[in-house]
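Structural overview
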Amino acid sequence: MILRTLHRLMGLTATLVTRNVCTWLLALALGYGLPAAYTPAQANNTLEYKVKAAFIYNFIAFTQWPEGIADHAINLCLYGEDYFGKEIDKLQEKSVGTRSIKVLRIEDAGQLKQCQVIFFSRSAGDNLTGILSSLSAAPILTLADNPGAISQGIAINMNLVNEKIVFEINLGIARKHRLDISSKLLQLATKVHQ
């Protein structure tokens, strides 16, 4: 009787082992089939830029352009390497009041004057000062996530601090570009430069 019980347990164990091995092999096969974009470091980067895309939407929503500018559509331009992927494209499904948002990826700095909002990628950091001076006082909301971008002439700069997105605003630059940033947004900034 003990032998029969052991044999039944062995049979049950063999079935469980077989199931576990099959499950493990399936998981292993699926894991190798996934694109490299799902590594933990890149997953965190994707989450970071998903949050930054939400911040950008709010920056647009709490900014007023001069009359006649951005009345129908807001061209949100990305300049430099695109770290957002499809996350930023989701803003095209939203609107700010009656204005739609159109996302454009720009490679030629000469085309930036068609934009009402420009996000300068970290890769644009070396040319940033020159590009910003070429935009002079055009009513363009300039955004970045580069350390020191505020001192180079960016209106709103985002930073990752203790795994939280924070931002600072250069109000003097915004006013120079004839933009009115809501006091609600100014209150949320970690620092407002005059």
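As the structure is a computational prediction, the values presented were derived from the model and not from experiment. (Residues numbered from 1 in each chain as written. Predicted model: local features only at pLDDT ≥ 70, side-chain atom pairs only at ≥ 80, totals over all residues. Heavy atoms only, no water.)

A few words now on the state of the cysteines. Per the counting criterion, the structure on display carries 1 disulfide. Across the disulfide, Cys77 is cross-linked to Cys115 (sulfur-sulfur distance 2.0 Å). Judged by the sign of its S-S torsion, about -95°, the bond between Cys77 and Cys115 is left-handed. Placement of Cys77 in strand S2 (residues 73-79) and of Cys115 in the loop between strand S4 (99-106) and strand S5 (117-120) is noted, with a sequence separation of 38 residues between them. The same class applies to Cys77 as to Cys115, namely buried. (Disulfide = S-S within 2.5 Å. Helix = DSSP H or I, 4+ residues; strand = E, 2+ residues; numbered from the N terminus. Buried < 20%, exposed > 50% of the residue type's maximum accessible area, 1.4 Å probe, protein only.)

If you walk across this open sheet you meet the 8 strands as S3-S4-S2-S5-S6-S7-S8-S10, and the pairing is mixed. Only two strands of the sheet have a single neighbouring strand rather than two, namely strand S3 (95-96) and strand S10 (191-193). Pairing of S5 with strand S6 (residues 141-144) involves 4 bridges; the strand directions are parallel. By the bridge assignment for S6, Ile118 is matched with Thr142. (Pairing = 2+ DSSP bridges.)

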